[in-house]
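Observations on the three-dimensional arrangement
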Amino acid sequence: MGDNGTDSFACLVADANMQRGCGGENGRWYYFVATSLVILFGGGFLIFCLQIIYDKWNQISRRMFPNHYDRDKLDEVELHNKLRHYIVNEVISLQTNKGMVLAILYFLFNVISVTLYINQSDQPLEQCEDVLNTCNWTLYADIGLNVFFLFHFLLRLIAAPNRLKFWFQMGSIVDFCTIPPCALALILERNWLGMRFMRALRFMQMGEILMTFNSTGTSIVQLLVLMLDFVSVWLFAAGFVHLVENSGDPWKADSARKDNFTYFDSVWLTMVTMSTVGYGDVYPTTGIGRSFMMVFIVCGLAMFATYTPYLYEFYRSRSPYAGRYERADSKKYVVVCGHITYNNVKSFLADFLHPDRGDRTSRVLFLDNKRPEPELTGLIKRYFLSVQYFEGSALNHNDLRRVQLEFSDAVILLCNKDSDDTKSEDAATILRAISVKNYCSKARLIMQLLNYKSKSFLQTIPNWDPINYRDENICISEFMYGLVAQSCLCPGFSTLMINLISTRSYIPGNEKINENFDWKSDYAYGCDHEIYTVMISSDFNGMTFPEAAEICYKQLNLLMIAVENFDNSGLAINPLPDQFTIRKECLGYFIASSYKDVCRARFYCALCLNEGIEIGFKPCKCRLEAVKKKRSNVQLIPLSEHKSPNNNESGLTRVGSIDSKSSTATDVNQLRTVRHLFSQHSTKSTSVDRGTLAGAGMSSTFDPTGNYHWAPEKKFEDVDLKDHELNNHIVICAFGDDKTPISGLSSLIKPLRASNLPYKKLKVVLLLAEKDFLLKAWKELRHFPKIRVLCGSALDRSKLKRAFINRASMVVILSNYGKRMAYKDPFLLDKEPILACLNLPQVAGKSENSKPVEFIAELVNDSNVHFLDQDNEDEPDIELHLTMKFAQGSCITATALDTLMSEAYYNDEVMTLVRALIAGANVPEYDAEDEEHSGPLQVPANALCGSQCRVIRIKAEEPSLSEHIKGKAYKDVFVELLQKFNLLCLGLHRAIDWHLDVSVEHKRFVYINPPGETKIVASDYLYVIVQTSKLQPPTEVMLNKIRDTMLRKGGTPEHEQSADSKLTRQNKVDNESGKQQMLPIDESIASLAV
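Report follows, based on the coordinates. (Residues numbered from 1 in each chain as written. Predicted model: local features only at pLDDT ≥ 70, side-chain atom pairs only at ≥ 80, totals over all residues. Heavy atoms only, no water.)

**Structural notes on the overall build of the protein chain**
If you tally the helices and strands in the protein chain, you get 37 helices and 26 strands. Relative to its full complement of 1090 residues, the protein chain shows a buried share of 54%. Taking contacts inside the protein chain between residues at least 6 apart in sequence as the whole, the part at least 24 apart equals 77%. Total accessible area computed for the protein chain in this model is approximately 49600 Å², and 56% of it derives from carbon and sulfur atoms. (Helix = DSSP H or I, 4+ residues; strand = E, 2+ residues; numbered from the N terminus. Buried < 20%, exposed > 50% of the residue type's maximum accessible area, 1.4 Å probe, protein only. Contact = heavy atoms within 4.5 Å. Areas by Shrake-Rupley, 256 points an atom, 1.4 Å probe, with all protein chains shown as cover.)

**Here's the deal with unusual backbone geometry**
The phi angle at F804 is positive, at roughly 55°, despite the residue not being glycine. Residue placement: F804 occurs in the loop between α28 (797-802) and β17 (810-813). Judged by its relative accessible area of 12%, F804 is buried.

**Some words on the packing of aromatic side chains**
The tally for this structure, following the rule as stated, stands at 31 aromatic pairs. Centroid distance Y525 to Y1007: 6.4 Å. Interplanar angle 80°. Geometry classified as edge-to-face. You can see Y525 sitting in helix α20 (residues 520-527) and its partner Y1007 sitting in strand β23 (residues 1004-1008), a full 482 residues away along the chain. The exposure class assigned to Y525 is partly exposed, which follows from its relative accessible area of 26%. Ring pairs connect the aromatic residues F348, F352, F366, Y905 and Y906, which therefore count as one cluster. Note that R327 overlies the ring of F407, its terminal NZ or CZ placed 4.0 Å from the centroid. (Phe/Tyr/Trp six-rings, centres within 6.5 Å; stacked < 30°, edge-to-face > 60°. Lys NZ or Arg CZ within 6 Å of the ring centre and 35° of its normal.)

**Regarding a nonpolar patch on the surface**
A cluster of nonpolar residues, V101, I104, L105 and L108, forms a patch on the protein surface that exposes about 300 Å² of accessible area. Looking at the secondary structure, you find V101 in helix α4 (residues 97-120). (Patch = residues over 30% accessible without salt bridge, like charges linked within 9 Å, V, L, I, M, F, W, Y side chains within 5 Å. Salt bridge = Lys/Arg side-chain N within 4 Å of Asp/Glu carboxyl O.)

**Points about the sheet that holds strand β15 (residues 765-769)**
Reading across from one edge, β16-β15-β14-β17-β18-β19 is the order of the 6 strands in this open sheet, with parallel pairing throughout. For this open sheet the edge positions go to β16 (787-791) and β19 (891-893), each flanked by a neighbour on one side alone. Ignoring which end each strand starts from, the neighbouring axes of this sheet average 20° apart. Relative to β19, strand β18 (residues 855-859) is paired through 3 bridges, and the arrangement is parallel. Counted as the bridge partner of L859 is T893 from β19. In the packing of helix α26 (residues 745-752) onto the sheet, the strands contacted are β14 (730-733), β15, β16 and β17, and the crossing angle to β14 comes to about 175°. (Pairing = 2+ DSSP bridges. Axes fitted to C-alpha atoms, helices over the stretch in contact; angles between N-to-C directions.)

Structure representation (structure tokens):
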């Protein structure tokens, strides 16, 4: 009781001292003000001097000790960058949970600090107080808050790229006026209320937090921002008036107010002053207070008079995006120009800055001639550490100089995929590319094009060089409609490829994925896999591809799908054993969940594996110099002496003499040069004049590039469906009229007529559209074989019945490209494709014997995917790639291809593989096809000029393969199909209820590279890469022989003969080096395509 009584008495004494101030002593408020000013200006001057000294010392050290300077400088920069990188990316980044919590706490603590100030404002400004013995809990709370503010200030100081500029920012000045007085109060044992009211200015941060999180609508965010700005200024002005009125003028003694002038009186005074009411009941009496009010009256009048229009325009006149990019460190960055919108930027940044890319991520600078919309502003602020926005034009060299484009790692040009006029949009993109190359000829360009014909203008771009500068063009129509075309032959192919070129993370335990143990868990596991490239270990030297692929799968848990040597062999996708042998410095293409896993193929060591040592992510001890010398004596097995993969027992111990170091920049450029020249040769070497190849004896007819099947021109009336009946055909439904652009239709037909498809296997393509649209499209399609047309609309059920969709193998529903910009509601852009999809089951019928129609629909808006399925169970806000229809492969959008821009930047080698699989042919970089002078190229049926492989879908119950597939584990099926049939498995097309006895066949999902223990069930389909021919593209010698043979015969093309009879003709050609056997396509394998 005694101790409690003593404590209570001490608290009463302390409270009494607080009420009477400091016992009549003179105030020492100037100590607190001087401390803040000294720290502000003294610290700024010190930083300025240190920066000058640091720069001078670097100049002197560079001249006197060049070698030591570079090494010491590198260590210093590396240590500093590690610390700054951790703080920037982990502590204060709003992309992490830590950064979000820290930002919210900082705002809340500012609110608490202002609340404590208002609570203490009725007490004297300066109080003598023993901090250790006081019972004033508000003092302890204020000390704790200022400790947190000091910690937050230091974090921002370390993360600031320009510390001198940061020192004099408004947020820093607020800290200088509040934190040092709190520390000085502990020394002087005086508590000065002082300038704590300045914490109200930090309320403006709440607007930034709302826009960053995008938690509310745009209009509400703007309203809250304006209100917070007003409240911040209001409370700040009230606090200043309260301070000067209770302190008095410094030059006058006893000039402070004698009455009880509270903080509420100051708030009342500032409000009636701003509103021009002026009751006169409260007014300032000091000189400083009156001077401040004179200025504040003018500001208040302007704020009230022009609150919505003028104030908004005033802030807009001082553009925050008109600055210049300052390279604070050596981190790479890219400049993004073109069509910059919220949807474009959102999909681009989600893949480009994905956490799985790790340290390889670059900064992104957006350059556009208009200010960002509020939604885009919030998105940019969310990535503010890695993204900056600049207002300007790519056609203005001054704006390009502001973003320092000459130092950028690449320039990415985005196009408007919803444009009504594709030619005009491509012209604008190409003009931007010319401007960039004129400003910096060595700049690396990655650009989007809509129309495949626009690729011919790439030759007009100065210094366009895909080899040295790694320039890349991505034609949206070619890629998207190539995916659709391959999906017609292999359902689900579009989802398979899009997931492989997209960077996504599989998070076990995610509620949106693992809910109710359905198919989403397996599907998300497959989505986690991407395509990576790495220079493989020298221990693979001398192996065939099946041998190396088997080792990678069984020992390294990696799926190798292609290889590429540094010779003139080009890219080889699942090559046959007698076609390809791994040589020095071979580039491997893998499907894996991360780049770190793929690095194991780079450091693979057969000796360590035989000794039971696990292959890691770094070179093993076998890479010592002594072991290298020992290995140099081991001779490689000649190609002619290779054993088949089934009989080879020494595949795990074969050791080469080449060390598996990563290739130098020169080697990489050499590989790009070889790849480019090979692709050009495979196209140009087959370009033969149609007149010289006229004659009999040729078994198939291709276009001048040799990539596609060719047919004589037919009139539009001759291809009308009329009374013909179709079966196992492909129906393409299009919408539009004679003014609708048709840039993508030819890109859709070409893969369906690729030369790697036997003529017998070509499916009839039926075009269903309005007559005006078909007449316009027929100009580009008149030379493709097996094309039929049906005039009408897919919204008409009678036309759908006439198209025999119940017998079709696939129905393609294209979006309406006409008048897209006329719709203000983005959900209405897909009304025709959605209604057409809903018509399909009604027309096909729902009898027990009728099977659901397989279709793939092109959508403009990702959110419309849930309209395609009436039994939809997807959540409304779920991402596109997690929806049922996308996982099945029944829909595709142009936004899904935005990941190609990131893939072209981070891993441009993958683009060659993607093009080969999607296009089904060697797509030339400059498509200069002349429609008026196109002619046939007749070559033997098996001398294919296109890609030698394709992805097919085979059924687990296929009679010829069921004993090797059904009921077995996936890893056993993978090895057995690779060894016996040279089929490379990529994944499964599995029913969503595969674990049940009766599954829904038409509802499936793409399961990429499932775990080896996955059991294959009867309802599964397998995605495999199959070789369509054992021959490389025709050589110049062979073509000369063909030309000479036909010139001697002097015949003309027998177009009247049936194509089936031509397929049975000549299958052997003699060339100058001997006799080259034209091996037929393995029909037993090709017939497995469903």
